[in-house]
Each structure stands twice: as C-alpha cells, then as structure tokens.
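Chain residues, written in single-letter form:
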Amino acid sequence: MKYLDGSFFSRHTRIVAFELIGHELVFETLGGLLTGKIVETEAYFGANDPASHAYRGVTPRNRVMFGPAGKTYVYFTYGNHYCLNIVTEKEGVAGAVLIRALEPLGGIDMMRKNRRQINVNHMTNGPGKLTQAFGISREHSGMDLNTGSSLRIVESPSLEPVQIEVTPRIGISRAKKKLLRFCLKDNAFVSR
DNA sequence: GAGAAGATCTCCT
DNA sequence: GGAGATCTTCTCA
C-alpha cells in the first residue's frame, strides 16, 4: 500500500486537487479505522485568489497554508463546522485543496455515531459533514500526511480524466467563475 | 474593542 | 428553496 507524500502535494494546487479525486483518506482513531474515497475537491491559491483565506497574506490561522506541502489545514467556520484542507505548493507559496466530499468505505458505524445520521448517502457529502463523521477538528490542523501519521492518503489506481468533472467552486462570494472544483462524475456522494 | 463576514448544515415551508 | 444558528477570525478605529 502506497501513501501520497510531499512530492505529490508540492505541485500546482489545481493539479493536486484534480489528481486527488479517487484516492482514499485514512484516519486512525482510538475507536478504529475510518476510510473514505475522495470524490470532490476544490483548489484555493494565495495572492491571486480573492476567495482564499491566504489572499491577504499570512495570519495566525492560515500560516500553515504557506508552509511545506502535505500538511493539513483545518479551520472552523459558521460557528458550527470544520473544513479539512491539504496544503500544496512549495514552501513559501500559499495553496490548499479543500476536501469537500467522501464516499464512506470503512468504519461506517463509527461515522454514524459521530454524525447521528443513519443515511450513508448523507454521511460525508459536504466539507462540514465529513469532518464531523471523521471526528476531525482544529486540533488536527498542521498534521503531516506521512506514513507515521494517523491521517494519510492511500494511493488508488489512476482514474481516466474523463471521469472527473470540473465546475466553478461553490459556497463562496468572490472569484466564483474560476473552474476549480473537481468531482467524480455520477458519484452519489458529491455534495451538490 | 467593536462590527461584520463567512470555503456550511439543518430544519421548515 | 430559504433563512436561522452560531462563533471564530479579521479589519478598522
């Protein structure tokens, strides 16, 4: 089993967001192993992207986005929700990929408990939902996605590019037109 | 220190 | 389809 590492993530954010589709997110918890296939992502840049947290430069919250690739960036939003990102680009260049939706594969009973949600189709089909299902919160920000970490991404066989749909990002108020959202075509677990 | 906005979700109509 | 919940973070004075 091969894990994606810094050499995968330290490339252009758009490429990383595109190629992450189809790989497996794995999270080791005290209660067991949680796994899910990544079916939806969004790319966020730095200075050239008004929708990105990194647009106005470094702040205490977004500092990890400017650091080395392959780390997690988790932030709290709307008073209720955490969102999971993976830092991309070379050190010093801001960039991150937001994981928007997963297809649950393993540990579904535990996800049900975390989410208090019976329906598997509504378990992880949104950025706030998947972090709740996996039990990911701000304390998991800045984690390294290396093999020694409890959170990592397992490489899956490559998809054909035609299987991946490219659309504008959603849920943002600025730079809405850029085609930076990627999802697995015809997958039931995509958020919208 | 105050005010406003926000990479969302859920419930209600 | 629409609005409220809820609180962190950032900006500006």
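Residues numbered from 1 in each chain as written. Chains lettered and ligands numbered in written order. Predicted model: local features only at pLDDT ≥ 70, side-chain atom pairs only at ≥ 80, totals over all residues. Heavy atoms only, no water.

Caption draft 1: Representation of the protein's contact with DNA strand C within the structure. In the neighbourhood of DNA strand C, the contacting residues comprise Arg 56, Thr 59, Pro 60, Arg 61, Phe 76, Tyr 78, Gly 79, Asn 80 and Arg 138. Here the atoms of DNA strand C within 4 Å of the protein split so that 79% fall in sugar or phosphate, with bases taking the remainder. Taking Tyr 78, its main chain carries an N or O atom lying 2.5 Å from a base oxygen of DNA strand C. Interatomic distance of 3.4 Å between a side-chain N/O atom of Arg 138 and a phosphate oxygen of DNA strand C. Residues that form the surface near DNA strand C fall into these classes: three nonpolar, three polar and three charged. (Near = heavy atom within 4 Å. Polar contact = N/O pair within 3.5 Å; in protein donor to acceptor, adjacent residues only side chain to side chain. Nonpolar A, V, L, I, M, F, W, Y, C, P; charged D, E, K, R; others polar.)

Caption draft 2: Quick peek at the packing of aromatic side chains. By the definition in use, this model includes four aromatic pairs. Between the aromatic rings of Phe 18 and Phe 182, the centroid separation amounts to 5.7 Å while the plane-to-plane angle is 90°, which identifies the pairing as edge-to-face. One end of the pair, Phe 18, is in helix α2 (residues 13-20); the other, Phe 182, is in strand β8 (residues 181-184), with 164 residues separating them in the sequence. The partly exposed category is assigned to Phe 18, whose relative accessible area is 24%. In this structure Phe 182 comes out as buried when scored by relative accessible area, which is 0%. Look at Tyr 73 and Tyr 75: their rings are 5.6 Å apart centre to centre, the planes differ by 35°, and that puts the pair in the tilted class. Tyr 73 sits in the buried class, given a relative accessible area of 1%. (Phe/Tyr/Trp six-rings, centres within 6.5 Å; stacked < 30°, edge-to-face > 60°. Helix = DSSP H or I, 4+ residues; strand = E, 2+ residues; numbered from the N terminus. Buried < 20%, exposed > 50% of the residue type's maximum accessible area, 1.4 Å probe, protein only.)

Caption draft 3: How the structure looks around the protein's contact with DNA strand B. Looking at DNA strand B, there are 18 residues lining it, with Tyr 75, His 81, Asn 85, Arg 115 and Gly 171 nearest. For DNA strand B, the backbone makes up 50% of the atoms found within 4 Å of the protein, where backbone means sugar plus phosphate. Between Tyr 78 and DNA strand B, the recorded distance is 3.2 Å, taken from a backbone N or O atom to a base nitrogen. Gly 171 places a main-chain nitrogen or oxygen 2.8 Å from a phosphate oxygen of DNA strand B. If you list the elements that add at least two residues to the surface near DNA strand B, you get β4 (81-87), β5 (96-106) and α4 (127-134). Among the elements that line the surface near DNA strand B, the one with the most residues is α4, at three residues.

Caption draft 4: Looking closely at the pattern of salt bridges. Tallied over the entire structure, the rule returns eight salt bridges. The salt bridge partner of Arg 11 is Glu 19, with a shortest N-O separation of 2.8 Å. Connected through salt bridges with shared partners, the residues Glu 40, Glu 42, Arg 100 and Arg 181 form a single ionic network. (Salt bridge = Lys/Arg side-chain N within 4 Å of Asp/Glu carboxyl O.)

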